[in-house]
Amino acid sequence: MLIRFKGDIAPSEITDQRLYLDRRRFLALSAAATMFPVGRAEAGPLDYAKGAITLDEKMTTLEAVTTYNNYYEFGTDKEDPAKTAPGRLKTTPWTVWVEGECAKPGKVAYDELIKPHRLEERIYRMRCVEAWSMVIPWVGVPLADVLKRFEPNSRAKYVEFTTLADPEQMPGIRSRVLDWPYTEGLRMDEAMQPLTLLAVGLYGQQLLPQNGAPIRLVVPWKYGFKSIKSIVKIRFTETQPATAWNKSAPREYGFYSNVNPAVDHPRWSQAKERRIGEFLRRETLPFNGYADQVAGLYAGMDLKAQF
Ligand SMILES: Nc1nc2c(c(=O)[nH]1)N[C@H]1C(S)=C(S)[C@@H](COP(=O)(O)O)O[C@H]1N2
Ligand SMILES: [Mo]
């Protein structure tokens, strides 16, 4: 005899299919909202176009992307930024100072910097130096398009980026783990490489504070720490800029920091990585899988010496 329990009836049989899917989406969103209530209130939807750069890999969940973070200005544990940054990091108004070797330096408001551009979604692999990785649908503008407007001159060989360093907003900078402000740098050709993105959002929403709101860099073929968050200064330089991680541990973190399975970190292997949400580790790809596009930038360089 077949006894049909209430639970055997799929909701889709009794509810219209579309309503059912909307309800599931709504439940998933409200589950995420209870996990970071303040942060969600700060994020707003973005107007963007689907980009041509996608990936045939499963995306990391919104929950993991917004709760498993590195942002030392808000603490050194992965859970710290999601707990500490929302409600503390004030992202409006936001001003970026553009300086150095260019014809049009100046102080630029967020809207002035971003609004002239068409926002685009790009799904990128991200690989942290600690051997974990994610796949994230970023929303942003190619960095090259933004930089060109300031007309870098022929002496501009590098670009230096600086994060806000305000002890009032960022409790983590009371600790001396890094020499604040956090800075990073790219060679000019790396900055102009079309994959390099100035991100303002992810999953179609404005960046949450823990992900580096309101503007951060995304350089998908380099270890995660090159992707500097909450940028307040961009400087064109003739000489290679110092970087926060290189200053704190020069033997462990070089200027280039390209994802390279053949060059181990002095304390661990870089051959494999754990994709967040997966159990088995996977092989790390040279240049994080972007070799076709970027390997040429390093032709003739000894990448073991210039790691
Ligand atoms: N200002 C600043 N930017 C930063 C960091 C940081 O501590 N401070 N951490 C970096 C590291 S180590 C990684 S892996 C990525 C993580 O970005 P996500 O938290 O958005 O995934 O941000 C990078 N940008
Ligand atoms: Mo990282």
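Note that the structure is predicted; figures quoted are calculated from it, not measured.

A. Summary view of the packing of aromatic side chains. Inspection of every chain in the model, using the stated rule, returns 11 aromatic pairs. Ring centres of Phe-255 and Tyr-256 lie 5.2 Å apart, and the angle between their planes is 90 degrees; this geometry places the pair in the edge-to-face category. When sorted by exposure, Phe-255 lands in the same class as Tyr-256, which is buried. Each ring, one from Tyr-256 and one from Tyr-298, has its centre 6.0 Å from the other, and the planes form 85 degrees; the classification is edge-to-face. Here Tyr-256 is found in the loop between helix H9 (244-248) and strand E12 (272-275), whereas its partner Tyr-298 is found in the segment after helix H10 (291-294), with 42 residues between them in sequence. A connected cluster of aromatic rings, assembled from ring pairs, spans Tyr-158, Phe-255, Tyr-256, Phe-287 and Tyr-298. In this structure, Arg-125 is placed above the aromatic ring of Tyr-290, and the distance from its NZ or CZ to the ring centre is 5.4 Å. One cation-aromatic arrangement involves Lys-226 over Phe-255; the distance from NZ or CZ to the ring centre is 4.4 Å.

B. Structural view of the side chain of Asp-80. Structurally, Asp-80 is set in helix H5 (residues 80-84). Despite its burial, Asp-80 remains without a salt bridge, the nearest opposite charge being carried by Lys-83 at 4.7 Å. Aside from chain neighbours lying at most four places away, what touches Asp-80 is Phe-74, Gly-75 and Ala-85.

C. A look at the site of ligand 1. Around ligand 1 there are 15 residues in total, and Asn-69, Tyr-72, Glu-73, Arg-216 and Lys-229 lie nearest to it. Note that a nitrogen atom of ligand 1 is positioned 3.2 Å from one of the backbone N or O atoms of Asn-70. Taking Thr-163, its side chain carries an N or O atom lying 2.9 Å from a nitrogen atom of ligand 1. Calculation on ligand 1 without its partners gives an accessible area of 530 Å², and the protein chains cover 96% of this total. Residue composition of the shell around ligand 1, by class: 6 nonpolar, 6 polar and 3 charged.

D. The pattern of salt bridges, seen in detail. The final tally for this structure, using the stated rule, is 19 salt bridges. Glu-101 is the salt-bridge partner of Arg-155, the closest N and O atoms lying 2.9 Å from each other. A residue pair is termed long-range when its members are at least 10 positions apart, and Arg-155 in the loop between helix H7 (143-148) and strand E6 (158-163) and Glu-101 in the loop between strand E2 (95-100) and strand E3 (106-109) qualify at 54 residues. Assessed through its relative accessible area of 41%, Arg-155 is described here as partly exposed.

E. Fine view of the confidence of the model for the protein chain. Summing up the model confidence of the protein chain, the mean pLDDT is 90 and the portion of residues at 70 or higher is 86%. Contacts from residues 1-39, a stretch scored under 50 in pLDDT, to residues over four places away or in other chains number 20 contacts.

F. Representation of the pairing of E6. A large share of E6 lies buried, amounting to 6 of its 6 residues. Neither face of E6 is open: one carries Tyr-158, Glu-160 and Thr-162, the other Val-159, Phe-161 and Thr-163, and all of them are buried. Relative to strand E7 (residues 183-187), E6 is paired through 5 bridges, and the arrangement is antiparallel. Across the sheet, residue Thr-162 finds its bridge partner in E7, namely Thr-183. In the sheet, E6 pairs with strand E11 (residues 231-237) via 6 bridges, with the strands oriented antiparallel. Opposite Thr-163, over in E11, you have Ile-231 as the bridge partner.

G. Representation of unusual backbone geometry within the structure. Across the junction of Thr-92 and Pro-93, the peptide omega takes the value -10 degrees, indicating a cis bond. The omega angle of the peptide bond from Ala-213 to Pro-214 is -5 degrees, so this bond is cis rather than trans. Turning to its location among the elements, Pro-214 is positioned in the loop between strand E9 (205-206) and strand E10 (216-218). A positive phi angle, near 50 degrees, is found at Tyr-203, a position not held by glycine.

H. Structural view of the environment of Leu-202. By the secondary structure assignment, Leu-202 is in strand E8 (residues 197-202). Look at Leu-202 and you get buried, because its relative accessible area is 4%. Along the backbone, Leu-202 and Trp-138 are 64 residues apart, and their C-alpha atoms lie at a distance of 4.3 Å. In this structure, Leu-202 is in contact with Leu-62, Val-65, Thr-66, Ile-136, Pro-137, Trp-138, Val-139, Leu-207 and Asn-211, ignoring residues within four places of it in sequence.

Criteria and cut-off values
- Residues numbered from 1 in each chain as written.
- Chains lettered and ligands numbered in written order.
- Predicted model: local features only at pLDDT ≥ 70, side-chain atom pairs only at ≥ 80, totals over all residues.
- Heavy atoms only, no water.
- Phe/Tyr/Trp six-rings, centres within 6.5 Å; stacked < 30°, edge-to-face > 60°.
- Buried < 20%, exposed > 50% of the residue type's maximum accessible area, 1.4 Å probe, protein only.
- Helix = DSSP H or I, 4+ residues; strand = E, 2+ residues; numbered from the N terminus.
- Lys NZ or Arg CZ within 6 Å of the ring centre and 35° of its normal.
- Lys, Arg positive; Asp, Glu negative; His and termini not counted.
- Salt bridge = Lys/Arg side-chain N within 4 Å of Asp/Glu carboxyl O.
- Contact = heavy atoms within 4.5 Å.
- Near = heavy atom within 4 Å.
- Polar contact = N/O pair within 3.5 Å; in protein donor to acceptor, adjacent residues only side chain to side chain.
- Areas by Shrake-Rupley, 256 points an atom, 1.4 Å probe, with all protein chains shown as cover.
- Nonpolar A, V, L, I, M, F, W, Y, C, P; charged D, E, K, R; others polar.
- pLDDT = per-residue confidence, 0-100.
- Pairing = 2+ DSSP bridges.

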